[in-house]
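Spelled out from the first residue to the last, the chains are:
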Amino acid sequence: MIALVTGASSGIGRDIARSLAKHGINVIITARRRDRLAELKAELTSKYGVKVMCIAADLSVEEQVFALYNAVKKYNIDIFVNNAGFGVFGEFTETNLERELNMIDVNIKAFHILFKLFLRDFKKRGCGYILNTASVAGFLPGPWFSSYYASKAYIVRMTQAVAEELRATRNSVHVSMLCPGPVSTEFCETANVRFLTMPYSSEKLAEHAVREMFAGTLLITENKLSKAAILLSRLIPDCVLAFGAGLFQSKRGS
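Residues numbered from 1 in each chain as written. Predicted model: local features only at pLDDT ≥ 70, side-chain atom pairs only at ≥ 80, totals over all residues. Heavy atoms only, no water.

A look at the side chain of T30
For step 1, the next point in the chain: Along the chain, the position of T30 falls in strand β2 (residues 26–31).
For step 2, the next point in the chain: The residues contacting T30, other than those within four sequence positions of it, are L4, V5, T6, G7, A8, L37, I55, A57 and L68. (Helix = DSSP H or I, 4+ residues; strand = E, 2+ residues; numbered from the N terminus. Contact = heavy atoms within 4.5 Å.)

A word on the packing of aromatic side chains
For step 1, the next point in the chain: Under the defined criterion, the tally for this structure stands at 10 aromatic pairs.
For step 2, the next point in the chain: Consider the rings of F118 and F122, whose centres lie 6.4 Å apart with planes at 55°: the pair is tilted. In this pair, F118 and F122 are both assigned in helix α4 (residues 97–125), 4 residues apart and thus about one turn of the helix distant. Residue F118 shares its accessibility class with F122, and that shared class is buried.
For step 3, the next point in the chain: Between the aromatic rings of Y129 and F214, the centroid separation amounts to 5.1 Å while the plane-to-plane angle is 80°, which identifies the pairing as edge-to-face. Note that Y129 is positioned in strand β5 (residues 129–133) and F214 in helix α7 (residues 202–214), a separation of 85 residues in sequence.
For step 4, the next point in the chain: The rings of Y69, F80, F118 and F122 are connected pair by pair, giving a single aromatic cluster. (Phe/Tyr/Trp six-rings, centres within 6.5 Å; stacked < 30°, edge-to-face > 60°. Buried < 20%, exposed > 50% of the residue type's maximum accessible area, 1.4 Å probe, protein only.)

Quick notes on the pattern of salt bridges
For step 1, the next point in the chain: On inspection of all chains with the given rule, the structure shows 5 salt bridges.
For step 2, the next point in the chain: With its nearest N and O atoms 2.9 Å apart, the salt bridge here joins E43 to R18. Of the two residues, E43 sits in helix α2 (residues 34–48) while R18 sits in helix α1 (residues 11–22), which places them 25 residues apart along the sequence.
For step 3, the next point in the chain: Exposure remark for R18: the relative accessible area of 23% places this residue in the partly exposed category.
For step 4, the next point in the chain: As a salt-bridge pair, E62 and K109 come within 2.8 Å of each other at their nearest N and O atoms. On the criterion of sequence distance, the pair formed by E62 in helix α3 (residues 62–72) and K109 in helix α4 is long-range, its members being 47 residues apart.
For step 5, the next point in the chain: Judged by its relative accessible area of 33%, E62 falls in the partly exposed class.
For step 6, the next point in the chain: If you follow the salt bridges from partner to partner, you end up with D15, R18 and E43 in one network. (Salt bridge = Lys/Arg side-chain N within 4 Å of Asp/Glu carboxyl O.)

Digging into the packing of α4 against helix α5 (residues 146–168)
For step 1, the next point in the chain: At their nearest, the axes of α4 and α5 sit 9 Å apart, and the two run at 10° to each other. By the angle between their axes, α4 is roughly parallel relative to α5. Helix-helix and strand crossings are classified by hand; for α4 and α5 the assignment is right-handed. For the pair α4 and α5, contact is made by E100, M103, N107, I108, F111, H112, F115, L119 and K123 and by S147, Y148, S151, Y154, I155, M158, T159, V162 and L166, respectively. (Axes fitted to C-alpha atoms, helices over the stretch in contact; angles between N-to-C directions. Parallel < 35°, antiparallel > 145°, perpendicular 65-115°, else oblique. Left-handed = near helix turned anticlockwise from the far one by under 90°.)

Comments concerning empty space enclosed by the protein
For step 1, the next point in the chain: Tallied over the entire structure, the rule returns 1 cavity of 30 Å³ or more.
For step 2, the next point in the chain: The computed volume of the largest cavity comes to approximately 30 Å³.
For step 3, the next point in the chain: Together, T6, L59, N82, A84, V106, A110, F111 and L114 line the largest cavity.
For step 4, the next point in the chain: With 4 residues, α4 is the single largest residue contributor to the lining of the largest cavity.
For step 5, the next point in the chain: Across the lining of the largest cavity, the residue classes tally to 6 nonpolar, 2 polar and no charged. (1 Å grid on protein atoms, 1.4 Å probe; cavity = no way out; pocket = protein on both sides within 12 Å on 5 of 7 lines; lining within 4 Å. Points joined across faces, edges and corners; volume = space filled by probe spheres on them. Nonpolar A, V, L, I, M, F, W, Y, C, P; charged D, E, K, R; others polar.)

A word on the nonpolar core
For step 1, the next point in the chain: L59, V72, I77, L114, F118 and L119 are the most contacted members of the largest nonpolar core, which has 44 residues in total.
For step 2, the next point in the chain: Counting residues per element, this core draws most heavily on α4, which supplies 11 residues.
For step 3, the next point in the chain: Apart from residues lying up to four places away in sequence, L119 is in contact with I130, V162, L166, V173 and V175.
For step 4, the next point in the chain: With 28 residues, the next largest nonpolar core counts V5, I12, I16 and L205 among its residues. (Core = buried A, V, L, I, M, F, W, Y, C linked by side-chain atoms within 4.5 Å.)

Let's talk about the packing of α3 against α4
For step 1, the next point in the chain: Two elements in contact, α3 and α4, have axes whose closest approach is 10 Å; the angle formed by their N-to-C orientations is 25°. The pairing of α3 with α4 is recorded here as roughly parallel in orientation. At the point where α3 passes α4, the crossing takes the right-handed sense. Mapping the contact onto sequence places E62, V65, F66, L68, Y69 and V72 in α3 and K109, A110, I113, L114, L117, F118 and D121 in α4.
For step 2, the next point in the chain: Residues that form the contact of α3 with α4 fall into these classes: 10 nonpolar, no polar and 3 charged.

Right, here's the structure in full:
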């Protein structure tokens, strides 16, 4: 088997690539930072003996998104981990617009393009696994982190809808979405936030995500606290959720 993992230079993407390699799966890893990819390739090949290909790409650039797909489609990818993404923290009127638009290009536009293209290929073959990295944030309104939360809501709803299409047509392609709470990665530094609760281990999350993906689980999260947050988001009015999230978010940047 061969897997493609986007956003593989750090955090969840890197650890999912490690988990897949541990299971003997060859991986194509992609991110902007070529040096980080080279380090990960050396680690995976020496430790697990798998084949690893590195492709440096900036998924905020549409041309590079299509170039990535065109470069790997000949390998008949079995697993696609649609993981690349980042966040921008701050009051909506104060955050940098250009950076937010770059975030939307990665979190939504690149996600959408690659999801569609690989799913088309998988459907033609009648098999394959797709793991989209969303977040518990995708179930909530997120004052002071509004654009990021909204982008993750897009991933949640898109994955849910496509999963139902696959179920209704009895297609054997498996689609999952990873929806963790706070995770210990470089995400905090990139978004300029810090968590008020103890972040979950990225390594443990990745192992859990890979197991659940192969089990065909649609909604994957890491612990009871995150599951409870998702459940409460379905029971509590949005205005109350926004108020509570606002209290939580406004303390992150301090």
